[in-house]
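Observations on the three-dimensional arrangement
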Amino acid sequence: MLNLLSCPGSPCSEEAGALRRLKIYIRSIQLVESGDLQKEVASEILGLLMVEVHNFPGPLLVELASEFVSVIKEGRLKNGKSLELLPIILTTLAAKKENVAYGKGELSGEECKKQLINTLCSGRWDQQYVIQLTSMFKDVPLAAEEVEFVTEKVLRMFSKLNLQEIPPLVYQLLVFSSKGNRKKALEGIITFFNELDKQHNEEQSGDELLDLVTVPAGELRHVEGTVILHTVFAIKLDCELGRELLKHFKTRQQGDFSNNTCPFSIALLLSITRIKRFEEQVFDLLKTSIVKSFKDLQLLQGSKFLQNLVPHRSCVSTLILEVVKNSVHSWDHVTQGLVELGFILMDSYGPKKILDGKAIETSSCLSKKPTQHACKLGADILLETFKIHEMIRQEILEQVFNRVVTRASSPISHFLDLLSNIIMYAPLVLQSCSAKVTETFDYLSFLPLQTVQGLLKAVQPLLKVSMSVRDSLILVLRKAMFASQLDARKAAVAGFLLLLKNFKVLGSLSSSQCSQSIGASQVHVDVHSRYNSVANETFCLEIMDSLRRCLGQQADVRLILYEGFYDVLRRNSQLANSIMQTLLSQLKQYYEPKPDVLPPLKLEACILTQGDRICLQEPLDYLLCCVQHCLAWCKSKVMPPQQEKEEEEEEGVYQDLEDLLESITSRMIKSELEDFELDKSADFSQSTCVGIKNSICASLVMGVCEVLIEYNFSISNFSKNKFEEVLSLFMCYKKLSDILNEKAGKGKTKVANKTNDSFLSMKFVSDLLTALFRDSAQSHEESLSVLRSNNEFMRYAVSVALQKVQQLKETGHVSGPDGQNPEKIFQNLCDITRVLIWRYTSIPTSVEDSGKKEKGKSISLLCLEGLQKIFSAVQQFFQPKIQHFLRALDATGEEGEEVEGSVTHRAAFQIRQFQRSLLNLLSSQEEDFNGKEALLLVTVLSNLSKLLEPSSPQFVQMLSWTSKICKENSQEDASFCKGLMNLLFSLHVLYKSPVILLRDLSQDIHGHLGDIDEDVEMEKTNHFAMVNLRTAAPTVCLLVLSQAEKVLEEVDWLITKLKGQVSQEMLSEEASSQATLPNHPIEKAIIMQLGTLLTFFHELVQTALPSGSCVDILLKDLCKMYTILTALVRYYLQVCQSSRGIPKNMEKLVKLSGSHLTPLCYSFISYIQNKRSQSLKYTGEKKKGKTAAVATAMARVLRETKPIPNLIFAIEQYEKFLIHLSKKSKVNLMQHMKLSTSRDFKIKGNILDMVLREEEEDDDD
């Protein structure tokens, strides 16, 4: 048969020969398909058939191709081998120039090929030959339309195939897409897997009893992984495919990234980061998308208006962490990208260095910025990847350690937290990386103290399981102890203290009350056998010896030691004797043993003089503070249970220390300021040696007094004598404090420009306040009256509480024992708040002030200030514990009350108390109105209102109450007005959009300030009494403008969202007819918002606003308004391309802008320019030698009029696009627009001559 093809008896030029050839071809194809031939023979036959195809005449080629198509459609293929011939046939057919009979007519070869492909793609394909058919089309030259036919057919086949068959098909489709239509192929693949994921998640979250899961999770993930690999390989072969993929994601990003993406598409993006040319672009795209997604979420959370319009959005964190979870199924090609993304997010959005070098992280979710969320997401990605993939652990740890060491100058708390979480998860894993850990230790001497403490705290669980790491750390710390840099020595002390805290000596008390959350529980193995405890004792005593040497070093080093001893004692009580002996011998160096010598302390010895330089050598106040806290703890915890020989020795140390403190107390009380050489005549200036020395001494004496106040109160057992001693010590403290404040007030050189932190511990402040204000025990009354009778002391107690809370807000912890322990701080905060609320509500400021007038704030006002700071701090640092906090305040509340909704209920109860106080204040006489107190009350109410659930009746009640206050009370205090209005807006936006409120306020402002046209008589509206002549501008005016700006921002966000949707619909035309309908509510809402805002601006541009910020911001906001109107017009230009026209309310909005805003904007510009020329003229007349004054006036005028050209440009852009829209929509939108005539920038010669002549005359004068 094959010989017949090549023999001269079957030439194609003769019809019979050509027909014979056709039959041979058809029979040969059937033979090849039958599978009866050996592979080599079949290949040889096909090769020969291919060579001879080009000899066929056109009609027979059509017949041959049609035979192929019918075989495929009817499912008569047996092995698909013959498909190799079809591309040659189609290619040859397309190349035929003459027309060929096809069906009932005649078509060109190209047209025939098109018809055949169309028929083939519209028919049924047997699923086992889909891959071969797709591969076959690669070799056929196709027009764009034909490529689309094939792509659509292959994508439709996805759902009909088994999962395992999809990866090779995807690869063939991607290779085929190089002919064109790459975009459709990629979108189809991504959409298919997105739908599969959604379906799979729904099945998993559905009824678990119904075991109907179509695809096992593992299988689906493996298939997705293979598809991703194939895609990356295809992109390496065809870079255009990669560009198309990036383009696809960029268009999705414009709409709604988290709703338009799925874990599969993110994994696909991450995997192409392995291709160098796309790496940077992909990470930039992901970075901006993540932050944008968090910003969008923040915008949604802050606006009820947007929440009602936009459906719930999936969080980008959930999507990316799902990718991490899925990557366990052999997605190794994605893992590297995940790690890089994690580090990029942490590097880009970690805490930034602020002015004083501190960077505060808050734990509250509410107050976190989008960038903080992005940084946390980075850390979560790395932690979860570390848990899942063993292969990559080493790299993650190395990168974290490298950043800790190399970024010493910038805040790295986020990396230390990550390191801590990693080590807590698996300390044993780090044993394999111990070389890296010990290498990091070598840099400890060069790192800042804060970093050293964070790093050692993080690696602490590792020290318990790896002796080699511990030994290398001790070596490093010993070297650092004698380093020349002060920071290195401080780091050594901090390191040794941490080791002492965590290596327990046998017999120490349990660590249930430890101040750090790091204990043996973090380590999954227990290495503390009896032998270890004994070894630990030797080890700890060695460290104590090293630390004793520090007592001869600089004050800063000693200070760290004194601050750390208390924590060591609590964690390792067996070291009590050693620590107390050390402290006693140190204190004796500065103690005057003779009982009749005053003062009892050698202050001179604490100060070091080196030539002209004077500095503190011994922080005696910190030493005494450490002694006092350690002694109190030992007496309460260590002494009772011990029954050993050492007991007497220890008792002796404690007794010596008690006697010492008793002697110091009695002699400090007897001492006069002259004994310390610190009376009123002393020099405290910072410019002289004597002044510096006196300042240091004064600071030490005040610190010592505070320590003794706490000590004597703690051991007093409510003895009257002890309380009198406490009061005497306070009077000494007060005298010195007054002298320092007086000297600071007089001279320019500040003496005490920064108040030192109080030495009173937070627990003591809590106990003291409770005793002073809430202790009603009959037996305590007489002794407490000693302290209660002294108002200064009471005020001092409250002001120290304030100082502690302020310190917590600024640094996240407080000074003194347990100052780093969040649990204890929280407990103390609850106790202090309870007392302050009782004191403020029982004795209002008005009652207190009606008595004797004293300098400084009243106690009630201080209490209120404290409450305001506490509510703010609790929300900042203890968000998860808010419920416990409110329950602790409500002393009458029953513990059994249901938990649900209780935060709102309890917060509402507290709110009512402060509402009553504010109402009482507002109903008082005008001269008695205390603006500062009113503002504090409003701030407290603002903080508490954040705890209310916006959907609750309590929230609505709070909103209507605030609105009522604003409507009915007229106060001229600007800051109170601003606070109250801010509260009103912050509540209103969570209930509904504030545009109506803005319109009413703008009418009030217009009424009070008058019109720009002086002839117009104003009708005063009085919606809000809080708006009056004093507060209307700038206070309320600036406030409403900033709110209007937020509304414009929301509208702009919505328009961008709509544009994104429209552009996606236009890409998929078939969807456009149905998909445009859901946009109607959003469009309507946008037009309503802009319409109301238009009336708001309509009022303000007619208002005679004072020059300055109000005018400036109004012009900028008007410019923004026109920009957003233009964006809306451009959106309708896009929409007009589909069949939809312009809605009627859009026409009304355009009409309103033409009649109510644009003409008034030009009048307002003229008004500003007139005011400018008047003010210049006035300045010129007032000062004839006027150069400086006129220059200043000119500069101000230039600054104020800068936004005018921008506004005119924005108006003209709006009108330009309106003209385009009118033409496109066949609706005359310009009929209500009066085209601008005010743009006259000609130089008027006659006016210029006149001005120049005037200036010449002035110069002659």
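Residues numbered from 1 in each chain as written. Predicted model: local features only at pLDDT ≥ 70, side-chain atom pairs only at ≥ 80, totals over all residues. Heavy atoms only, no water.

The name given to the protein in an unreviewed UniProt entry is FA complementation group I, with Felis catus as the source organism.

1. Some details on the overall build of the protein
Our working definition: Helix and strand definitions follow DSSP, with helices as H or I runs of at least four residues and strands as E runs of at least two, each counted in order from the N terminus. Remark: exposure states derive from per-residue accessible area (1.4 Å probe, protein chains only) relative to the maximum for the residue type, with buried under 20%, exposed over 50%, and partly exposed in between. It only takes one pair of heavy atoms within 4.5 Å for two residues to be counted as in contact. All accessible-area figures derive from a Shrake-Rupley calculation using a 1.4 Å probe, and residue coverage is judged against the displayed protein chains alone.
A count of helices and strands for the protein gives 52 helices and 4 strands. In the protein, which comprises 1261 residues, the share counted as buried stands at 52%. Sequence-distant contacts, at least 24 apart, represent 75% of the contacts inside the protein between residues at least 6 apart. In the form shown here, the protein has an accessible surface area of approximately 57900 Å², with 52% of it arising from carbon and sulfur atoms.

2. A closer look at the environment of Leu-77
The residue Leu-77 is located in the loop between α4 (58-73) and α5 (86-95) in this model. The class for Leu-77 is buried, based on a relative accessible area of 7%. Setting aside residues up to four positions removed in sequence, Leu-77 forms contacts with Glu-33, Val-71, Ile-72, Ser-82, Leu-83 and Tyr-129.

3. Points about a negative patch on the surface
Just so we agree on the cut-off: Exposure above 30% relative accessible area and no salt bridge define the residues that can form patches, which grow by joining like charges within 9 Å and nonpolar side chains of Val, Leu, Ile, Met, Phe, Trp and Tyr within 5 Å. A pairing counts as a salt bridge when a side-chain nitrogen of Lys or Arg comes within 4 Å of a carboxyl oxygen of Asp or Glu. Positive charge is attributed to Lys and Arg, negative charge to Asp and Glu, and no charge count is given to His or to the chain ends. One atom stands in for each charge, and that atom is NZ of Lys, CZ of Arg, CG of Asp or CD of Glu.
A contiguous patch of negative charge on the surface is contributed by Glu-1254, Glu-1255, Glu-1256 and Glu-1257. Here Glu-1254 is to be found in helix α52 (residues 1245-1260).

4. Comments concerning the pattern of salt bridges
Side chains that differ in charge, positive against negative, can pair when their charged atoms come close. Summed over the entire model, instances satisfying the criterion amount to 36 salt bridges. Close ionic contact of Lys-436 with Glu-439 constitutes a salt bridge, the shortest N to O distance being 3.7 Å. Remark: Glu-439 and Lys-436 occur in helix α22 (residues 434-441); sequence separation between them is 3 residues, near one turn of the helix. On the basis of relative accessible area, Glu-439 is assigned to the partly exposed category, the value being 37%. Arg-558 is the salt-bridge partner of Glu-618, the closest N and O atoms lying 2.3 Å from each other. Here Glu-618, found in the loop between β4 (613-616) and α29 (620-638), pairs with Arg-558, found in helix α27 (residues 555-571); they are 60 residues apart in sequence, far enough to count as distant.

5. Observations regarding the packing of helix α18 (residues 332-349) against helix α21 (residues 413-425)
What describes two packed helices is the angle between their axes and the distance between those same axes. Test applied: Lines fitted to C-alpha atoms define the axes here, with helix axes fitted over just the stretch in contact, and angles between the N-to-C directions of these axes take values from 0 to 180 degrees. Only Asp, Glu, Lys and Arg are considered charged, only Ala, Val, Leu, Ile, Met, Phe, Trp, Tyr, Cys and Pro nonpolar, and every remaining residue, Gly among them, polar.
In the contact formed by α18 and α21, the axes pass within 10 Å of each other and the chain directions differ by 145°. Between α18, through Phe-343, Met-346 and Asp-347, and α21, the contact on the second element is made entirely by His-414, Phe-415 and Leu-418. When the residues that make up the contact of α18 with α21 are grouped by side-chain class, the tally is 4 nonpolar, 1 polar and 1 charged.

6. Re the environment of Arg-156
Looking at where Arg-156 falls in the secondary structure, it is placed in helix α8 (residues 144-158). Along the backbone, Arg-156 and Gly-188 are 32 residues apart, and their C-alpha atoms lie at a distance of 9.0 Å.

7. Thoughts on helix α28 (residues 576-588)
This is how it is decided: In this scheme, a helix's expected span is set at 1.5 Å multiplied by one less than its residue total.
Relative to the 18 Å expected for 13 residues at 1.5 Å per residue, α28 spans 18 Å between its end C-alpha atoms, a close match to the ideal helical length. Most of α28 is tucked away: 10 of the 13 residues are buried. Every buried residue of α28 is accounted for by Ala-576, Asn-577, Ser-578, Ile-579, Met-580, Thr-582, Leu-583, Leu-584, Gln-586 and Leu-587.

8. Things to note about the side chain of Asn-502
Our working rule: Any N or O atom pair separated by 3.5 Å or less is treated as a polar contact, with the protein-specific requirement of one donor-capable and one acceptor-capable atom, and with residues adjacent in sequence counted only for side-chain atom pairs.
With respect to the helices, strands and loops of the structure, Asn-502 is situated in helix α25 (residues 486-502). Residue classification places Asn-502 among the buried positions, given a relative accessible area of 7%. Among the polar contacts listed, one links the side chain of Asn-502 to the backbone oxygen of Leu-498, at a separation of 2.9 Å.

9. Here we look at unusual backbone geometry
The linkage connecting Leu-598 with the following residue, Pro-599, adopts the cis geometry, with an omega of -10°. Checked against the element boundaries, Pro-599 lands in the loop between α28 and β3 (607-610). Residue Pro-1034 is reached from Ala-1033 by a cis peptide bond, and omega for that bond is 0°. Inspection of the secondary structure puts Pro-1034 in helix α45 (residues 1032-1067). At Glu-677, a residue that is not glycine, the phi angle is positive and equals roughly 60°. Relative to the helices and strands, Glu-677 resides in the loop between α30 (646-670) and α31 (689-715). Here Asn-717, not a glycine, exhibits a phi torsion of approximately 50°, which is positive. Of note, Asn-717 is situated in the loop between α31 and α32 (720-746).

10. Focus: the confidence of the model for the protein
Stated formally: On a range of 0 to 100, pLDDT expresses the predictor's confidence in each residue.
When pLDDT is averaged along the protein, the result is 83, and 86% of the positions lie at 70 or above. Every residue in residues 748-754 scores below 50 in pLDDT, and together they form 9 contacts with partners more than four places removed in sequence or on other chains. The low-confidence segment residues 893-900 (pLDDT under 50) makes 6 contacts with residues lying over four places distant or belonging to another chain.

11. Digging into the state of the cysteines
Filter applied, for reference: Criterion for a disulfide: a pair of cysteine sulfur atoms at a distance within 2.5 Å.
Applying the stated criterion across every chain, the model contains 0 disulfides. Left unpaired, Cys-1110 is separated from the closest cysteine sulfur, that of Cys-1037, by 3.8 Å.

12. Notes on the pairing of β4
Successive side chains on a regular strand alternate, one facing one side of the sheet and the next facing the other. For clarity, the cut-off: Paired strands, as defined in this entry, are two strands with at least two bridges between them according to DSSP.
Looking at chain direction, β3 and β4 are connected through 4 bridges and run antiparallel. Among the inter-strand pairings, Leu-608 is bridged to a residue of β4, identified as Cys-615. Here β3 folds back onto β4 in antiparallel fashion, the turn holding 2 residues, of which Gly-611 has a positive phi close to 65°.

13. Some thoughts on the packing of aromatic side chains
How we decide: Planes of paired rings set the category: under 30 degrees apart is stacked, over 60 is edge-to-face and the rest tilted, where pairs are Phe, Tyr or Trp rings (Trp by its six-membered ring) whose centres lie within 6.5 Å.
Enumeration over the complete set of coordinates arrives at 25 aromatic pairs. Taking 6.4 Å as the distance between ring centres and 25° as the angle between the ring planes, the aromatic pair formed by Phe-730 and Tyr-733 counts as stacked. Taken together, the residues Phe-730 and Tyr-733, both in helix α32 and 3 residues apart, mark about one turn of the helix. Judged on exposure class, the residue Phe-730 and its partner Tyr-733 are both buried. Ring geometry for Phe-730 and Tyr-796: centres 5.0 Å apart, planes at 40°, overall tilted. Placement of the pair is Phe-730 in helix α32 and Tyr-796 in helix α35 (residues 791-811), with a sequence separation of 66 residues. Judged by its relative accessible area of 1%, Phe-730 falls in the buried class. The exposure class assigned to Tyr-796 is buried, which follows from its relative accessible area of 7%. Cluster of aromatic residues (ring-pair linked, three or more members): Phe-826, Tyr-840, Phe-871, Phe-878, Phe-885 and Phe-914.

14. What about the packing of α8 against helix α9 (residues 166-176)?
For clarity, the threshold we go by: Angular relationships are summarised with four words: roughly parallel below 35 degrees, roughly antiparallel beyond 145, roughly perpendicular across 65 to 115, and oblique for the angles in between. Left-handed is the label given to a crossing in which the near helix is rotated counterclockwise from the far helix by less than a right angle, and right-handed is the label when the rotation is clockwise.
Here α8 crosses α9 at 170°, and the two axes come no closer than 11 Å. If you check the angle between α8 and α9, you find them roughly antiparallel. At the point where α8 passes α9, the crossing takes the left-handed sense. Two secondary-structure elements touch here, α8 through Val-147, Val-150, Thr-151, Val-154, Leu-155 and Phe-158 and α9 through Ile-166, Leu-169, Val-170, Leu-173 and Phe-176. A per-class count over the contact of α8 with α9 returns 10 nonpolar, 1 polar and no charged.

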